[in-house]
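Each chain, written out:
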Amino acid sequence: MIQALLVDDEPLARDELRCLLEDAGIDVVGEASNAIEAMQMIYRLRPDVVFLDIQMPRISGLELVGMLDPDKIPQIVFVTAFDEHAVKAFEEHAFDYLLKPVLASRLNKTLARLSKQNGAAPDYNLIAPRQALRQLPCHRHDRILLLPLDEVDYVVARLSGVYLVTQDGTEHFTELTLKVLEEKTGLLRCHRQYLVHPEKVAQIVLGETGGGEVITRAGLNVPVSRRFLKPLKAQLGVLL
């Protein structure tokens, strides 16, 4: 059975689509009202398909797709109130799209395609925003927030997840992967588990075993492995 996640900031729109999907025998495994919730649920629930509203506050559906790890992205069916001419720009690259209000007859065509599809998902990078991420979605205690990239000194990946660390040492959990952060923020890889903000680097202290550590302008210590020391120095323009 196909498992679906619904992402829309309008509860009524989700209710209507869920009823149509359930009538068609689709297992709706979750619903999200914003992109940050959706990202968490995509990685946790691993749905076969996400029915994704394009127009949402703060982070749009297209922006969400641009934040997802390409290796973990499910099929995406965009749901939009745009007219047909507006969706032509991404039509050939998305798996499918539905116009609001969603009609059962049109949805059934999408579901038929999902049942027959085989292979990798389309290259959503062709339609997702390509500009660097400047606002990073994260969780802090009972809050969900967008943390400006300029406030991040470094990023660390642990078994418990990926954390954005600010200059005072505060850690913010994020669903963004190191791969996405490295490719779309300008943060530099200095270790298999660490990225550092290039503008926050004060100095690099060399170690005896070929590695070292970055000292940030706020006095935070970030490890640098031997493998990444030379490329890091080259990217920073450091002569040591």
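Bear in mind that the values here come from a model prediction, so they are computed numbers and not experimental data.

Definitions and limits used
Residues numbered from 1 in each chain as written. Predicted model: local features only at pLDDT ≥ 70, side-chain atom pairs only at ≥ 80, totals over all residues. Heavy atoms only, no water. Helix = DSSP H or I, 4+ residues; strand = E, 2+ residues; numbered from the N terminus. Expected span 1.5 Å × (residues − 1). Buried < 20%, exposed > 50% of the residue type's maximum accessible area, 1.4 Å probe, protein only. Arc of directions from axis to C-beta. Contact = heavy atoms within 4.5 Å.

*Asks:* Which parts of the structure should I look at to understand helix α1 (residues 11–23)?
*Replies:* Structurally, the α-helix is built with 3.6 residues per turn, so residues lying three or four positions apart point the same way. With 13 residues, α1 extends 18 Å from end C-alpha to end C-alpha; this agrees with the ideal 18 Å at 1.5 Å per step. The complete set of buried residues in α1 reads Ala-13, Arg-14, Leu-17 and Leu-21. Looking down the long axis of α1, one finds its buried residues gathered within 95 degrees of arc, a one-sided arrangement. Seen from the open side of α1, the exposed residues pointing more than 90 degrees away from its buried face are Leu-12 and Asp-23. Buried residues in α1 make contact with β1 (3–7), β2 (27–32), β3 (49–53), β4 (75–80) and α5 (104–116).

*Asks:* What is the right way to read unusual backbone geometry from this model?
*Replies:* Backbone phi values are negative for most residues with the exception of glycine, while trans is the configuration of most peptide bonds. Here the residue pair Lys-100 and Pro-101 is connected by a cis peptide bond, since its omega of -10 degrees sits within 30 degrees of zero. Relative to the helices and strands, Pro-101 resides in the loop between β5 (96–99) and α5. With a phi angle near 50 degrees, Arg-46 is a residue other than glycine that sits in the positive phi range. Of note, Arg-46 is situated in the loop between α2 (35–45) and β3.

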